[in-house]
Amino acid sequence: MENNARIAVLLRQIAALLEEQGVDFKPTAYRRAAKVLDELKRDVSSFKELKELEGLPGIGESIAKKIQEYLKTKRIAALDKLLGMQGGIPPTLMEVEGLGPKRARQLQMALGIQTVADLARAAGQGKLKGLPGFSETMQAKLLANTKRVSERTRRFPREELKDDVATLLKKIRSVSGVERCEVAGSFRREKETVGDIDVLVVTRSAKNVSDAIALLPFVRDVVAHGDKKLSFDLKSGIRVDIRLVKRDQWGAALLYFTGSKEHNIALRKRAIQRGWKLNEYGLFEGEKIIASREEEDIYKALELPYTEPRQRTDILS
Ligand code: 8DG
Ligand code: CA
Ligand code: CA
(Lines give C-alpha, C1' and ligand atoms only; values in the text may rest on other atoms or scores of the structure.)
(Ligands and ions follow the chains in the order given, each with its own letter.)
Protein backbone atom coordinates (compact mmCIF):
# COMPACT_ATOMS: atom_id res chain seq x y z
CA MET A 1 0.00 0.00 0.00
CA GLU A 2 3.05 2.15 -0.35
CA ASN A 3 1.58 3.79 -3.45
CA ASN A 4 -1.64 4.69 -1.66
CA ALA A 5 0.18 6.46 1.17
CA ARG A 6 2.57 8.23 -1.19
CA ILE A 7 -0.16 9.48 -3.52
CA ALA A 8 -2.24 10.59 -0.55
CA VAL A 9 0.67 12.77 0.61
CA LEU A 10 0.99 14.30 -2.85
CA LEU A 11 -2.75 14.96 -3.14
CA ARG A 12 -2.66 16.72 0.23
CA GLN A 13 0.22 18.84 -1.04
CA ILE A 14 -1.85 19.81 -4.06
CA ALA A 15 -4.71 20.68 -1.70
CA ALA A 16 -2.46 22.85 0.45
CA LEU A 17 -0.97 24.67 -2.53
CA LEU A 18 -4.38 25.30 -4.11
CA GLU A 19 -5.62 26.58 -0.79
CA GLU A 20 -2.68 28.98 -0.64
CA GLN A 21 -3.81 30.31 -4.00
CA GLY A 22 -7.32 30.81 -2.68
CA VAL A 23 -8.93 28.17 -4.91
CA ASP A 24 -12.39 27.07 -3.74
CA PHE A 25 -13.71 23.49 -3.37
CA LYS A 26 -10.79 21.71 -5.04
CA PRO A 27 -8.66 21.51 -1.88
CA THR A 28 -11.48 19.72 -0.10
CA ALA A 29 -11.86 17.30 -3.01
CA TYR A 30 -8.13 16.47 -2.98
CA ARG A 31 -8.15 15.91 0.78
CA ARG A 32 -11.16 13.67 0.56
CA ALA A 33 -9.49 11.60 -2.16
CA ALA A 34 -6.32 11.39 -0.03
CA LYS A 35 -8.33 10.01 2.86
CA VAL A 36 -9.98 7.45 0.62
CA LEU A 37 -6.57 6.28 -0.57
CA ASP A 38 -5.24 6.07 2.98
CA GLU A 39 -8.13 3.86 3.99
CA LEU A 40 -8.18 1.74 0.87
CA LYS A 41 -7.60 -1.96 1.54
CA ARG A 42 -5.71 -2.69 -1.70
CA ASP A 43 -2.89 -0.98 -3.54
CA VAL A 44 -4.05 1.44 -6.25
CA SER A 45 -1.65 -0.16 -8.70
CA SER A 46 -4.00 -3.15 -8.77
CA PHE A 47 -6.66 -1.01 -10.42
CA LYS A 48 -5.94 -1.51 -14.09
CA GLU A 49 -8.60 0.71 -15.64
CA LEU A 50 -9.25 4.39 -15.18
CA LYS A 51 -12.94 3.54 -14.80
CA GLU A 52 -12.14 1.26 -11.85
CA LEU A 53 -10.38 4.10 -10.04
CA GLU A 54 -13.23 6.44 -10.80
CA GLY A 55 -15.50 3.92 -9.13
CA LEU A 56 -13.93 4.76 -5.78
CA PRO A 57 -15.77 7.29 -3.63
CA GLY A 58 -14.34 10.80 -3.91
CA ILE A 59 -12.23 10.03 -6.95
CA GLY A 60 -13.29 11.65 -10.19
CA GLU A 61 -11.65 11.57 -13.57
CA SER A 62 -9.10 14.30 -12.87
CA ILE A 63 -7.76 12.69 -9.68
CA ALA A 64 -7.92 9.18 -11.19
CA LYS A 65 -5.71 10.43 -14.03
CA LYS A 66 -3.25 11.87 -11.55
CA ILE A 67 -3.09 8.54 -9.75
CA GLN A 68 -2.36 6.77 -13.02
CA GLU A 69 0.21 9.38 -13.91
CA TYR A 70 1.98 8.79 -10.61
CA LEU A 71 1.95 5.01 -11.06
CA LYS A 72 3.50 5.42 -14.49
CA THR A 73 5.99 8.24 -13.90
CA LYS A 74 6.32 8.60 -10.10
CA ARG A 75 5.37 12.25 -10.55
CA ILE A 76 2.30 14.41 -10.80
CA ALA A 77 2.94 17.21 -13.29
CA ALA A 78 0.18 19.38 -11.84
CA LEU A 79 1.92 19.28 -8.46
CA ASP A 80 5.30 20.06 -10.00
CA LYS A 81 3.73 23.02 -11.70
CA LEU A 82 2.20 24.28 -8.46
CA LEU A 83 5.61 23.99 -6.83
CA GLY A 84 7.16 25.95 -9.68
CA MET A 85 9.50 23.12 -10.46
CA GLN A 86 11.10 21.87 -13.62
CA GLY A 87 11.43 18.11 -13.87
CA GLY A 88 10.57 17.80 -10.23
CA ILE A 89 13.58 19.74 -8.99
CA PRO A 90 13.44 23.30 -7.77
CA PRO A 91 16.05 24.93 -10.01
CA THR A 92 17.82 27.04 -7.45
CA LEU A 93 18.20 24.21 -4.92
CA MET A 94 20.08 22.13 -7.46
CA GLU A 95 22.74 24.79 -7.62
CA VAL A 96 23.80 24.04 -4.06
CA GLU A 97 26.90 21.87 -4.13
CA GLY A 98 26.48 18.46 -2.52
CA LEU A 99 22.75 18.36 -3.12
CA GLY A 100 21.60 15.87 -5.76
CA PRO A 101 18.06 15.53 -7.10
CA LYS A 102 17.29 12.78 -4.61
CA ARG A 103 18.22 14.75 -1.55
CA ALA A 104 16.68 17.92 -2.97
CA ARG A 105 13.44 16.05 -3.39
CA GLN A 106 13.71 14.52 0.08
CA LEU A 107 14.15 17.99 1.62
CA GLN A 108 11.29 19.33 -0.37
CA MET A 109 8.96 16.52 0.72
CA ALA A 110 10.01 16.35 4.35
CA LEU A 111 10.48 20.04 5.12
CA GLY A 112 8.87 21.88 2.22
CA ILE A 113 12.25 23.30 1.22
CA GLN A 114 12.09 24.78 -2.26
CA THR A 115 14.63 27.54 -2.52
CA VAL A 116 18.21 28.08 -1.48
CA ALA A 117 16.93 30.55 1.09
CA ASP A 118 14.59 27.87 2.54
CA LEU A 119 17.51 25.47 2.72
CA ALA A 120 19.78 27.99 4.42
CA ARG A 121 17.09 28.75 6.98
CA ALA A 122 16.32 25.08 7.73
CA ALA A 123 20.00 24.15 7.97
CA GLY A 124 20.65 27.14 10.20
CA GLN A 125 17.86 26.00 12.52
CA GLY A 126 19.29 22.48 12.63
CA LYS A 127 16.29 20.88 10.96
CA LEU A 128 18.20 18.72 8.47
CA LYS A 129 20.26 16.58 10.79
CA GLY A 130 17.31 14.50 11.99
CA LEU A 131 16.39 13.35 8.47
CA PRO A 132 17.45 9.94 7.19
CA GLY A 133 20.84 10.26 5.51
CA PHE A 134 21.62 13.74 6.81
CA SER A 135 24.40 14.05 9.37
CA GLU A 136 25.27 17.14 11.33
CA THR A 137 28.44 17.55 9.24
CA MET A 138 26.42 17.43 6.04
CA GLN A 139 24.02 19.99 7.44
CA ALA A 140 26.91 22.35 8.15
CA LYS A 141 28.38 21.74 4.70
CA LEU A 142 25.09 22.41 2.95
CA LEU A 143 24.61 25.57 4.97
CA ALA A 144 28.05 26.78 3.85
CA ASN A 145 27.33 25.80 0.25
CA THR A 146 24.07 27.72 0.14
CA LYS A 147 26.18 30.81 0.58
CA ARG A 148 28.32 29.87 -2.40
CA VAL A 149 25.75 29.32 -5.06
CA SER A 150 27.64 31.93 -7.06
CA GLU A 151 29.17 29.47 -9.52
CA ARG A 152 25.75 29.01 -10.97
CA THR A 153 25.45 27.96 -14.58
CA ARG A 154 21.91 29.07 -15.08
CA ARG A 155 21.44 32.03 -17.40
CA PHE A 156 18.40 34.27 -17.75
CA PRO A 157 16.89 35.68 -20.94
CA ARG A 158 17.57 39.44 -20.93
CA GLU A 159 13.94 40.14 -21.78
CA GLU A 160 12.80 38.55 -18.52
CA LEU A 161 15.12 40.75 -16.48
CA LYS A 162 14.23 44.15 -17.90
CA ASP A 163 11.67 44.97 -15.23
CA ASP A 164 13.92 43.75 -12.43
CA VAL A 165 16.77 45.90 -13.69
CA ALA A 166 14.57 48.97 -14.09
CA THR A 167 13.28 48.61 -10.52
CA LEU A 168 16.75 47.94 -9.21
CA LEU A 169 18.21 51.09 -10.77
CA LYS A 170 15.28 53.22 -9.69
CA LYS A 171 15.47 52.08 -6.08
CA ILE A 172 19.24 52.32 -5.85
CA ARG A 173 19.23 55.81 -7.38
CA SER A 174 16.81 56.91 -4.67
CA VAL A 175 19.16 55.80 -1.88
CA SER A 176 20.65 58.81 -0.17
CA GLY A 177 24.31 59.30 -1.12
CA VAL A 178 24.05 57.62 -4.54
CA GLU A 179 25.34 60.01 -7.21
CA ARG A 180 25.24 57.74 -10.24
CA CYS A 181 24.04 54.23 -10.92
CA GLU A 182 24.06 52.19 -14.12
CA VAL A 183 23.79 48.59 -15.14
CA ALA A 184 26.98 47.13 -16.67
CA GLY A 185 28.02 43.60 -17.74
CA SER A 186 26.30 41.51 -20.35
CA PHE A 187 22.97 43.20 -19.64
CA ARG A 188 24.38 46.52 -20.80
CA ARG A 189 25.96 44.81 -23.81
CA GLU A 190 22.44 43.59 -24.66
CA LYS A 191 23.35 39.93 -24.75
CA GLU A 192 20.39 37.63 -25.28
CA THR A 193 21.06 35.85 -21.97
CA VAL A 194 22.59 37.17 -18.80
CA GLY A 195 24.45 35.25 -16.08
CA ASP A 196 24.23 37.93 -13.43
CA ILE A 197 23.32 41.59 -13.22
CA ASP A 198 26.28 43.92 -12.69
CA VAL A 199 25.52 47.35 -11.31
CA LEU A 200 27.89 50.25 -10.83
CA VAL A 201 27.27 52.90 -8.18
CA VAL A 202 29.10 56.17 -7.52
CA THR A 203 29.05 57.41 -3.95
CA ARG A 204 31.21 59.15 -1.41
CA SER A 205 29.75 57.15 1.47
CA ALA A 206 30.17 53.59 0.24
CA LYS A 207 29.55 51.91 3.59
CA ASN A 208 26.22 53.67 4.24
CA VAL A 209 25.02 53.16 0.68
CA SER A 210 25.98 49.47 0.68
CA ASP A 211 24.11 48.96 3.97
CA ALA A 212 21.05 50.82 2.66
CA ILE A 213 20.91 48.82 -0.58
CA ALA A 214 21.19 45.56 1.35
CA LEU A 215 18.00 46.54 3.18
CA LEU A 216 15.92 47.16 0.04
CA PRO A 217 12.85 44.88 -0.11
CA PHE A 218 13.76 42.98 -3.29
CA VAL A 219 17.06 41.83 -1.79
CA ARG A 220 17.25 38.31 -0.56
CA ASP A 221 20.21 36.13 0.34
CA VAL A 222 23.01 38.64 0.65
CA VAL A 223 26.18 36.73 -0.26
CA ALA A 224 28.83 39.43 -0.03
CA HIS A 225 28.54 42.70 1.81
CA GLY A 226 31.36 45.20 1.88
CA ASP A 227 31.99 48.83 1.01
CA LYS A 228 33.45 48.07 -2.44
CA LYS A 229 31.11 45.29 -3.45
CA LEU A 230 27.68 43.99 -2.54
CA SER A 231 26.21 40.77 -3.93
CA PHE A 232 22.75 39.38 -3.44
CA ASP A 233 20.06 37.33 -5.12
CA LEU A 234 16.74 38.68 -6.26
CA LYS A 235 13.52 36.76 -5.73
CA SER A 236 13.78 35.42 -9.28
CA GLY A 237 17.06 33.76 -8.23
CA ILE A 238 19.39 35.91 -10.30
CA ARG A 239 22.53 37.22 -8.70
CA VAL A 240 23.19 40.95 -8.55
CA ASP A 241 26.77 42.23 -8.27
CA ILE A 242 27.04 45.83 -7.16
CA ARG A 243 30.34 47.70 -7.30
CA LEU A 244 30.71 50.95 -5.39
CA VAL A 245 33.25 53.38 -6.81
CA LYS A 246 34.40 56.98 -6.48
CA ARG A 247 33.21 59.67 -8.84
CA ASP A 248 36.56 60.05 -10.64
CA GLN A 249 36.69 56.37 -11.36
CA TRP A 250 33.30 56.09 -13.04
CA GLY A 251 34.37 55.84 -16.68
CA ALA A 252 37.14 53.32 -16.08
CA ALA A 253 34.97 51.19 -13.82
CA LEU A 254 31.97 51.28 -16.15
CA LEU A 255 34.19 50.33 -19.07
CA TYR A 256 35.78 47.49 -17.12
CA PHE A 257 32.57 46.03 -15.68
CA THR A 258 30.67 46.35 -18.92
CA GLY A 259 33.17 44.12 -20.67
CA SER A 260 33.25 42.03 -22.60
CA LYS A 261 36.28 40.47 -21.05
CA GLU A 262 37.73 40.17 -24.58
CA HIS A 263 37.08 43.85 -25.24
CA ASN A 264 38.88 44.74 -22.01
CA ILE A 265 41.86 42.63 -23.00
CA ALA A 266 42.02 44.30 -26.42
CA LEU A 267 41.87 47.77 -24.84
CA ARG A 268 44.51 46.82 -22.30
CA LYS A 269 46.82 45.66 -25.08
CA ARG A 270 46.38 48.94 -26.91
CA ALA A 271 47.21 50.83 -23.72
CA ILE A 272 50.33 48.73 -23.21
CA GLN A 273 51.44 49.45 -26.79
CA ARG A 274 51.50 53.11 -25.81
CA GLY A 275 53.39 52.37 -22.64
CA TRP A 276 50.29 52.87 -20.52
CA LYS A 277 48.28 50.75 -18.13
CA LEU A 278 44.48 50.31 -18.13
CA ASN A 279 42.47 48.88 -15.24
CA GLU A 280 39.15 49.48 -13.51
CA TYR A 281 40.60 52.60 -11.83
CA GLY A 282 41.78 54.38 -14.93
CA LEU A 283 44.24 54.72 -17.79
CA PHE A 284 47.69 55.49 -16.39
CA GLU A 285 51.11 56.51 -17.53
CA GLY A 286 53.18 55.36 -14.60
CA GLU A 287 51.45 56.94 -11.62
CA LYS A 288 49.95 59.74 -13.69
CA ILE A 289 46.29 59.37 -14.60
CA ILE A 290 45.48 60.00 -18.25
CA ALA A 291 41.75 59.28 -18.30
CA SER A 292 39.14 57.73 -15.99
CA ARG A 293 36.11 59.97 -15.52
CA GLU A 294 34.00 58.92 -18.51
CA GLU A 295 34.21 56.01 -20.92
CA GLU A 296 34.49 58.49 -23.78
CA ASP A 297 37.67 59.95 -22.24
CA ILE A 298 39.36 56.57 -22.28
CA TYR A 299 38.40 55.70 -25.87
CA LYS A 300 39.56 59.16 -26.91
CA ALA A 301 42.91 58.83 -25.16
CA LEU A 302 43.40 55.48 -26.88
CA GLU A 303 42.46 57.14 -30.21
CA LEU A 304 39.41 54.99 -30.68
CA PRO A 305 35.83 55.99 -31.50
CA TYR A 306 33.36 55.51 -28.66
CA THR A 307 32.10 51.95 -28.91
CA GLU A 308 28.48 51.12 -28.09
CA PRO A 309 28.27 48.43 -25.37
CA ARG A 310 26.63 46.00 -27.76
CA GLN A 311 29.70 46.24 -30.06
CA ARG A 312 32.31 45.64 -27.38
CA THR A 313 34.10 42.57 -28.66
CA ASP A 314 37.75 41.63 -29.10
CA ILE A 315 37.87 43.62 -32.33
CA LEU A 316 38.49 47.33 -31.84
CA SER A 317 37.04 49.71 -34.39
P1 8DG B 1 27.50 37.15 -17.71
O2 8DG B 1 27.34 37.70 -16.34
O3 8DG B 1 26.27 37.26 -18.54
O4 8DG B 1 28.02 35.76 -17.71
O5 8DG B 1 28.61 38.00 -18.49
P6 8DG B 1 29.34 39.33 -18.05
O7 8DG B 1 28.41 40.28 -17.43
O8 8DG B 1 30.10 39.82 -19.24
O9 8DG B 1 30.44 38.80 -17.03
P10 8DG B 1 30.66 38.98 -15.47
O11 8DG B 1 31.38 37.77 -14.99
O12 8DG B 1 29.42 39.35 -14.75
O13 8DG B 1 31.73 40.16 -15.36
C14 8DG B 1 31.37 41.50 -15.64
C15 8DG B 1 32.49 42.16 -16.38
O16 8DG B 1 33.68 42.23 -15.63
C17 8DG B 1 32.89 41.44 -17.64
O18 8DG B 1 32.01 41.71 -18.69
C19 8DG B 1 34.25 42.01 -17.89
C20 8DG B 1 34.80 42.27 -16.51
N21 8DG B 1 35.85 41.27 -16.25
C22 8DG B 1 37.08 41.26 -16.88
N23 8DG B 1 37.83 40.24 -16.41
C24 8DG B 1 37.07 39.56 -15.52
C25 8DG B 1 37.31 38.39 -14.77
O26 8DG B 1 38.37 37.78 -14.81
N27 8DG B 1 36.28 37.96 -13.97
C28 8DG B 1 35.11 38.63 -13.94
N29 8DG B 1 34.13 38.15 -13.14
N30 8DG B 1 34.88 39.74 -14.64
C31 8DG B 1 35.84 40.21 -15.43
O32 8DG B 1 37.41 42.10 -17.71
CA1 CA C 1 27.18 39.81 -15.51
CA1 CA D 1 29.14 39.67 -12.36
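Residues numbered from 1 in each chain as written. Chains lettered and ligands numbered in written order. Predicted model: local features only at pLDDT ≥ 70, side-chain atom pairs only at ≥ 80, totals over all residues. Heavy atoms only, no water.

Our focus in this paragraph is the coordination of the calcium ion (ligand 3). The reference angle at a metal is 109.5 degrees if four donors form a tetrahedron and 90 or 180 degrees if six donors form an octahedron. At this site the calcium ion (ligand 3) is bound by Asp 196 (OD), Asp 196 (OD), Asp 198 (OD) and Asp 241 (OD), with donor distances of 2.3 to 2.8 Å. In this structure the calcium ion (ligand 2) is found 3.7 Å away from the calcium ion (ligand 3), and Asp 196 serves as a bridging donor for the pair. Taken together, the positions of Asp 198 in strand β4 (residues 197-203) and Asp 241 in strand β7 (residues 239-245) put the pair 43 residues apart, joining distant regions of the chain. Overall, Asp 198 belongs to the buried group, its relative accessible area being 12%. For Asp 241, a relative accessible area of 10% translates into the label buried. (Donors = N, O, S within 2.8 Å, 3.2 Å for Na, K, Ca; no water. Helix = DSSP H or I, 4+ residues; strand = E, 2+ residues; numbered from the N terminus. Buried < 20%, exposed > 50% of the residue type's maximum accessible area, 1.4 Å probe, protein only.)

As a further point, take the pairing of strand β6 (residues 229-233). The buried fraction of β6 amounts to 4 of the 5 residues, a majority that puts the element mostly inside the structure. In this structure, strand β5 (residues 220-225) lies alongside β6, joined through 4 bridges in antiparallel fashion. Looking at the pairing, His 225 lines up with Leu 230 of β6. Counting the residues that bridge the hairpin from β6 to β7 gives 5 residues, and of these Gly 237 lies at a positive phi of roughly 100 degrees. (Pairing = 2+ DSSP bridges.)

Assigned domains of the chain: these are domain 1 (2-153), domain 2 (170-183 + 193-245) and domain 3 (249-311). The centre of domain 1, based on its C-alpha atoms, is set 52 Å off from the matching centre of domain 3. (Domains from an automatic or database assignment.)

On to the layout of surface pockets. It is a probe the size of a water molecule, rolled over the atoms, that shows where empty space is left. One number sums up the size of the second largest pocket: a volume of about 370 Å³. If you trace the second largest pocket, you find 15 residues lining it, with Lys 228, Leu 244, Val 245, Gln 249 and Tyr 281 closest to the centre. Top element by residues in the lining of the second largest pocket is β7. It accounts for 3 residues. For the lining of the second largest pocket, the per-class residue count stands at 6 nonpolar, 3 polar and 6 charged. (1 Å grid on protein atoms, 1.4 Å probe; cavity = no way out; pocket = protein on both sides within 12 Å on 5 of 7 lines; lining within 4 Å. Points joined across faces, edges and corners; volume = space filled by probe spheres on them. Nonpolar A, V, L, I, M, F, W, Y, C, P; charged D, E, K, R; others polar.)

Once that is clear, we can look at the coordination of the calcium ion (ligand 2). Surrounding the calcium ion (ligand 2) are the protein donor atoms Asp 196 (O), Asp 196 (OD) and Asp 198 (OD), at 2.1 to 2.7 Å. Of note is the calcium ion (ligand 2), whose 6 donor atoms meet at the metal with angles of 68 to 163 degrees in an arrangement that counts as irregular. (Tetrahedral: all angles 85-135°; square planar, octahedral: opposite > 155°, others 65-115°.)

With that settled, consider the sheet that holds strand β8 (residues 277-279). An order of β8-β9-β10 is seen for the 3 strands of this open sheet, with the pairing classed as antiparallel. Pairing within the sheet leaves two strands with one partner each, and these edge strands are β8 and β10 (288-291). Geometrically, the sheet is characterised by an average inter-axis angle of 35 degrees between neighbouring strands, direction not taken into account. Pairing between β8 and strand β9 (residues 282-285): 3 bridges, direction antiparallel. For Leu 278, the partnering residue across the bridge sits in β9 and is Leu 283. (Axes fitted to C-alpha atoms, helices over the stretch in contact; angles between N-to-C directions.)

Looking now at the sheet that holds β6. Sheet strands associate in pairs through backbone hydrogen bonding, adopting either a parallel or an antiparallel arrangement. Taken in spatial order, the 5 strands make up an open sheet running β2-β4-β7-β6-β5, and their pairing is mixed. The open sheet has two free edges, formed respectively by β2 (178-183) and β5, since each of these has just one partner strand. Neighbouring strand axes in the sheet, compared pairwise and without regard to direction, differ in orientation by 20 degrees on average. With 5 bridges joining them, β6 and β7 adopt antiparallel strand pairing. By the bridge assignment for β7, Phe 232 is matched with Val 240. Across the sheet, helix α9 (residues 158-173) lies against β2, β4, β6 and β7, angled at about 170 degrees from β2, the strand it touches most. (Contact = heavy atoms within 4.5 Å.)

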